Amino acid sequence: MRVVLLANRQPLSGRTDAAGRPQLTVGGLVSALVPVMSAGSGVWIASRPESSGGDGRIEAGGLAVRLVGVPDAEHAGYYQALANRAIWPLFHSLIPFAHFDLAAWKDYVRVNERFAEAALDETADDDVVWVHDYHLMLVPRLLRQARPSLRIGFFLHIPFPPFEVARVFPWARELIAGLLGADLVGFHTRGYAEDFDETAVRLLHGDVRRSEGGINVGRPARRVRVGAFPIGIDARAFAREAAERQTEIAVQRLRVALRAEEEHRIVALGVDRLDYTKGILERLLAVEQFLTAYPRWRGRFVFVQVAVPSRTRVEEYRRMKRQIDGAAGRINGTFGEAGWMPIRYLYRSLPRRELITYYRAADLALVTPLRDGMNLVAKEYCATRIDDDGVLILSELAGAASELHGALRVNPYDIEGVAQAIAQALAMPNEERHRRMAAMREHIARHDTDWWASTFLTELMSGGLHREPPALLDA
Ligand code: ADQ
């Protein structure tokens, strides 16, 4: 089977090996998909602004990477303005953050057409096309119109919002019709899949009817299967690195630096891209509330927030960074003492080993997004807890909450509730901590990235008409 994959981002790391050959990115989606794809000499199609090189074709790690050149102004409209400032906030149900602009929409349509043209050029009739994420929602329909018999899958990495939110998007019908070009549309949770079904039926009534496990489009009906395929991580690699001697040493060093053993301090951790969907400000306010409500923990509780700079040119992100910087400074100013600061704030990306060191050093992780498609940090934290210790506090508005039942669930908007959950985590008996973490680790190990990719592709290939969608994991 030959897979042609379409994603906005290219899988090249920018580095070359000793022989000068380009290298693929290590980890995540790329590592999971490359074995599946290169087995059948697959192609990965991504975009590249003209000022960065435009059109191109690069062979790397057994994979062909085709780069679709996009004029810079058009790329800015498609990526910054439409994908990141309209679809991203709206699909996370943060309507006031969304900006809609007709010129940007036209750029989005044009770039989707460019992707579809490149895909048609690369694809033979018996190939499988797998389109990824919110940047490319029009592509399935464009492909279907040009090549009706093509097998097309689509996966959305972010949430799909409820109908009343989705309808706010001025070109919502076009987006939904775009996705309905696929044979299989996948989401992280059954909840998103149901919201998609409802939105499709209500927006495109007449042309679209619900059917078991999917949607029938047009007359005579073409069936679109819709299902939940919760993404996994490379759990084995995380556990392996977590167990290495080098990591153990680094964990001890970090805990010494935080005076965790010496002063019997609890280390709590947050790790995110600096994005307003991740609830970082609200989390800091919860830490403040916790220190106010439980003064006996002052001097014995350290919250480390690691934030990767993200979308730094967008105004909403700059404003949020100022608010977070301000809150961290204010909380440290209020509670800090000569030998203790409650908040350690790192504003940078960490190499993987260092990230794993932080995961292993943390007694509890605060994963409290306001909304999140899945959230891989929650899974990574558990996968590295090879001692089965540590408590995960998890937002019920993250997709991960439908799988990780061993977490303490919180509403991230409820600051007092999150503060109480921190107190509950600190009081949790050893046996309960271990039981909860072991169950989550086991689940994550079984449902890793390979499982996710192969489940989706198997379902896409099966084409079974009246099968239940593989919504395996929802509560
Ligand atoms: P993201 O919004 O990027 O992904 P997430 O799933 O948490 O969110 O993945 C972030 C990744 O970045 C993790 O692998 C994490 O390790 C890494 N990371 C975060 N902070 C870091 C730091 N300081 N240094 C180094 N690495 C860091 C989108 C959706 C999610 C969905 C994924 C996958 O928004 O909901 O889970 O795609 O589908």
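Report follows, based on the coordinates. (Residues numbered from 1 in each chain as written. Predicted model: local features only at pLDDT ≥ 70, side-chain atom pairs only at ≥ 80, totals over all residues. Heavy atoms only, no water.)

Things to note about the overall build of the chain
Counting its regular elements, the chain contains 16 helices and 18 strands. Relative to the 2.2 N^0.38 estimate, which gives 23 Å for 475 residues, the radius of gyration of the chain is 23 Å and therefore close to what a compact globule would have. Across its three principal directions, the C-alpha atoms of the chain cover 70 × 55 × 45 Å. Taking all 475 residues of the chain together, the buried fraction comes to 58%. Contacts spanning at least 24 positions in sequence make up 73% of the contacts within the chain whose residues lie at least 6 apart. Summed over its atoms, the accessible surface of the chain is roughly 19200 Å², and 50% of this surface lies on carbon and sulfur atoms. (Helix = DSSP H or I, 4+ residues; strand = E, 2+ residues; numbered from the N terminus. Rg over C-alpha atoms; globule rule 2.2 N^0.38 Å. Buried < 20%, exposed > 50% of the residue type's maximum accessible area, 1.4 Å probe, protein only. Contact = heavy atoms within 4.5 Å. Areas by Shrake-Rupley, 256 points an atom, 1.4 Å probe, with all protein chains shown as cover.)

A closer look at the packing of aromatic side chains
All chains considered together, the criterion is met by 22 aromatic pairs. Ring centres of Trp88 and Tyr134 lie 5.8 Å apart, and the angle between their planes is 45 degrees; this geometry places the pair in the tilted category. Residue Trp88 is found in helix H2 (residues 72-91), and its partner Tyr134 is found in the loop between strand E7 (128-132) and helix H4 (139-146); the two are separated by 46 residues along the sequence. Each member of the pair Trp88 and Tyr134 is classed as buried. (Phe/Tyr/Trp six-rings, centres within 6.5 Å; stacked < 30°, edge-to-face > 60°.)

Some remarks on the pairing of strand E13 (residues 266-273)
The side chains of a regular strand alternate, first on one face of the sheet and then on the other. Counting buried positions along E13 gives 7 out of 8 residues, so the element sits mostly inside the fold. With 8 bridges connecting them, E13 and strand E14 (residues 301-308) associate as parallel partners. Paired with Ala268 across the two strands is Phe303, which belongs to E14. The parallel pair E13 and E14, bridged by helix H10 (residues 280-293), forms a crossover whose chirality is right-handed. With 2 bridges joining them, E13 and strand E16 (residues 364-367) adopt parallel strand pairing. Bridged to Ala268 within E16 is Leu364. (Pairing = 2+ DSSP bridges. Right-handed = clockwise from strand over helix to strand, strands pointing away.)

Notes on the environment of Arg298
Topologically, Arg298 is positioned in the loop between H10 and E14. According to the relative accessible area criterion, Arg298 is partly exposed, its value standing at 36%. Residues Arg298 and Ala401, spaced 103 residues apart in sequence, show a C-alpha to C-alpha distance of 30 Å. If we ignore the near neighbours within four places in the chain, the residues touching Arg298 are Leu291, Thr292, Phe335 and Trp340.

Section: the packing of helix H8 (residues 235-243) against helix H13 (residues 376-384)
Between H8 and H13, whose axes approach to 8 Å, the crossing angle comes to 50 degrees. When the interaxial angle is binned, H8 and H13 end up oblique. In this structure, the crossing between H8 and H13 has a hand that is right-handed. Contact with H8, carried on its side by Ala235, Phe238, Ala239 and Ala242, involves Glu380, Ala383 and Thr384 of H13 and no other residues of that element. (Axes fitted to C-alpha atoms, helices over the stretch in contact; angles between N-to-C directions. Parallel < 35°, antiparallel > 145°, perpendicular 65-115°, else oblique. Left-handed = near helix turned anticlockwise from the far one by under 90°.)

A closer look at the site of the ligand
Of all residues adjacent to the ligand, which total 22 residues, the nearest are His157, Leu350, Asp372, Met374 and Glu380. One of the side-chain nitrogen or oxygen atoms of Arg273 is found 2.9 Å away from an oxygen atom of the ligand. Between a nitrogen atom of the ligand and a main-chain N or O atom of Arg348, the distance comes to 3.1 Å. Considered on its own, the ligand offers 720 Å² of accessible surface; in the complex 83% of this is hidden by protein. Listing elements by their share of the shell around the ligand, those giving two or more residues are E13, E14, helix H12 (352-361) and H13. Residue classes in the shell around the ligand are distributed as 11 nonpolar, 5 polar and 6 charged. (Near = heavy atom within 4 Å. Polar contact = N/O pair within 3.5 Å; in protein donor to acceptor, adjacent residues only side chain to side chain. Nonpolar A, V, L, I, M, F, W, Y, C, P; charged D, E, K, R; others polar.)

Looking at the sheet that holds strand E18 (residues 408-410)
Pairing is parallel in the open sheet, where 6 strands are placed in the order E15-E14-E13-E16-E17-E18. Bordering the open sheet on either side are strand E15 (343-347) and E18, each of which pairs with just one other strand. Sheet twist, expressed as the mean angle between neighbouring strand axes with direction ignored, is 20 degrees. As paired elements, E16 and strand E17 (residues 391-395) share 4 bridges and run parallel to each other.

Bear in mind that shape data such as this cannot, by itself, settle questions of function.
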